[in-house]
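What follows is each chain in one-letter form.
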Amino acid sequence: MSVGRSLFAATLAGTLALALSPASSQTLRYANQGELKSLDPYTLNESTTSAHLGHVYEGLVARGKDLKIIPALAESWETPEPTRWRFHLRKGVKFHNGDPFTADDVVFSAERVRAKGSNFLSRVPADAKVVKVDDYTVDFVLSSPNPILTALWATWYIMDKKWAEANDAVAPTPAAATTPSYASLHENGTGPFTIESHQPGVKTVFKANPNWWGKPEHNLKEIVFTPIANPATRVAALLSGEVDVIEPVPVQDIERVKASPNATVLTGPELRTLFVGMDQARDELLYSNVKGKNPFKDVRVREAVYRAIDIELIKNRVMRGLSTPSALMVAPEIFPSKDFTRPKFDPDAAKKLLADAGYADGFEVTMDCPNDRYVNDAAICQAIVGMLARINIKVDLQAQPKAQYFAKVLKPGGYKTSLYMLGWTPDTLDSQNVLHDIMGCRDDPKDPNRGEANLAGYCNKQFDELADKVLVESDTAKRDLLIKQAFELSMKDWAYIPLHQQALAWGVSKKVKLTQGADNMVRLYWATMQGE
């Protein structure tokens, strides 16, 4: 029994494939703590949103069952020269409205994903030229070699040019948009499911696409997604049989769900790293009682905040042991952290650092945090607020649903945050993605996509030089050394505060059958379940 390939994967021991019993209904009912706000595939670079939309939209490439890049809308590709990639497109593919898929759609999508309002700017290099060779051949001409180009594209979905132009949807819908666009409320992809109805924040109904070009690996007729923000209500819905799958299971309810006769829990670490960022760009913080200067521009203040956070307390009390404290901004599965040690929790040293920086009495600042995106996200932020209070930093916590949170803090919203928590999984499963997107200098005239998700405004040109070398270096040992040097530099700068990789916790009805795979990877694909 195998699983499908449209939802994001997380790695840990043991492979899981989910299948509804042939005797059961062919409707899968799924609940998540967060909502699916926009159907525009370029609005929000967030794994849960991309996972949902990956059922209706597809890219030129995808990730297979072993997480390797495989063909999707492109049947094959080659690099006739180091800076030219040629893609041969799949023929006979149709969008859900019947429009044929051609090279025109690829060229259009490459322009749209790089346009103002897109949250996926770094998917296609800003200076890349996308050339239609014929209806089913496209060249991507780069200014410099990029050996991991296709690794960026598993969640870069191709849109129908004709449909977008006809529905005034040529421009991407920004995450901060207050008025929905046609593309945010409707879809027209090429994927294995269509969307029959979409009520943002209420319910989305997916229907199997009988005209999909691929071979379905599921026995489903429909998927009904319902956001349930309240943890207790979400668990009750699973235990009562109202839904078949929930994510996440609150850490405090895992054992109760495991002990129930109707459901079980799938747990294990994932690749996402949660971290805290501090605004280092503005001369004066947006949200603080300190006027005329920015405390976070002082490396001593950043170190003080880092040393004030008791990561072991968060692990044991907030996460109930289901997290792995991190010294780096990436998981050890992506880059080994054996050469790095997380700085020790030391509130006394933190107080001295603040005093040395001129803030012996502390200061006030606002912290932004989602409350429906990560496992126990609001509780983690609340714990950090308490820890910072001990060194006289008074934090006004703004914990809000992810739709409002992302609209405020992301680039289209103007990076309007002074202190925040965010999680990041590199789409490429490679450190360079974090070095470039999260930690690279913003507004680089030579690379306007650098630092696209750098909400903190951290900037070190020497760091960027290392990141650029990482991108083009093909020798693994040399590349790893460059990555190590970059992380060492950022730690010396106290650029960010990595927290941990948290556990996946999916609640699954026992009507869903589990099978053990052989490749020691966990995949949770809620929409593509193999029938026996």
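Residues numbered from 1 in each chain as written. Predicted model: local features only at pLDDT ≥ 70, side-chain atom pairs only at ≥ 80, totals over all residues. Heavy atoms only, no water.

**Some words on the state of the cysteines**
For clarity, the cut-off: The disulfide definition used here is simple: a pair of cysteine sulfur atoms within 2.5 Å. Put simply, DSSP H or I for four residues or longer makes a helix, DSSP E for two residues or longer makes a strand, and each gets a number counted from the N terminus. Here's how the labels work: a residue is buried when its accessible area is under 20% of the maximum for its type, exposed when over 50%, partly exposed in between, all with a 1.4 Å probe on protein chains only.
With the rule as written, the count across this model stands at two disulfides. Covalent S-S linkage joins Cys441 and Cys459, the inter-sulfur distance amounting to 2.0 Å. Residues Cys441 and Cys459 are joined by a disulfide whose S-S torsion is about 95 degrees; by sign, that bridge is right-handed. Pair noted here: Cys441 is in the loop between helix 12 (431–438) and helix 13 (461–472) and Cys459 is in the loop between helix 12 and helix 13, with a separation of 18 residues, a long-range link. With a relative accessible area of 45%, Cys459 lands in the partly exposed category. Taken in N- to C-terminal order, the disulfide-linked cysteines of the protein chain are connected 1-2, 3-4.

**Description of the sheet that holds strand 7 (residues 129–134)**
Backbone-to-backbone hydrogen bonds join strands into a sheet, with any given pair of strands oriented parallel or antiparallel. Note the cut-off: Only strands joined by at least two bridges in the DSSP assignment are considered to pair. Inter-axis angles, ranging from 0 to 180 degrees, are taken between N-to-C directions of lines fitted to C-alpha atoms, where helices are fitted over the stretch in contact. Contacts were defined at the residue level, with two residues in contact if any of their heavy atoms lie within 4.5 Å.
Read from one edge of the open sheet, four strands run 5-6-8-7, paired in antiparallel fashion. Strands with a single pairing partner mark the edges of an open sheet, and in this sheet they are strand 5 (74–81) and strand 7. The sheet shows a mean angle of 25 degrees between the axes of neighbouring strands, taken without regard to direction. In this sheet, strand 6 (residues 84–89) lies alongside strand 5 in antiparallel orientation, the contact comprising five bridges. Along strand 6, the bridge assignment pairs Ser76 with His88. Contacts from helix 2 (residues 103–112) reach strand 6, strand 7 and strand 8 (137–141) within the one sheet, and its direction differs from that of strand 7 by about 175 degrees.

**As for the packing of aromatic side chains**
How we decide: Stacked, edge-to-face and tilted are the three classes for Phe, Tyr and Trp ring pairs, Trp counted by its six-membered ring, which pair at centre distances within 6.5 Å; planes under 30 degrees apart are stacked, over 60 edge-to-face, the rest tilted. A ring is considered to have a charge above it if a Lys NZ or an Arg CZ atom is located within 6 Å of its centre and within 35 degrees of its normal.
Counted under the stated rule, the structure contains 22 aromatic pairs. With 5.0 Å between their ring centres and 65 degrees between their planes, Trp153 and Trp156 make a pair best called edge-to-face. Ring plane angle 45 degrees and centroid distance 6.1 Å describe the contact between Phe335 and Phe487, whose orientation is recorded as tilted. Linking Phe335 in the loop between strand 15 (323–325) and helix 9 (347–356) with Phe487 in helix 14 (residues 476–492), this pair joins segments that are 152 residues apart in sequence. The residues Phe335 and Phe487 share a single accessibility class, namely buried. Each member of the aromatic cluster is reached from another via a ring pair, and the members are Trp77, Trp85, Phe87, Phe140, Trp153 and Trp156. The cationic tip of Lys408 hangs over the ring face of Tyr287; the distance from NZ or CZ to the ring centre is 4.5 Å.

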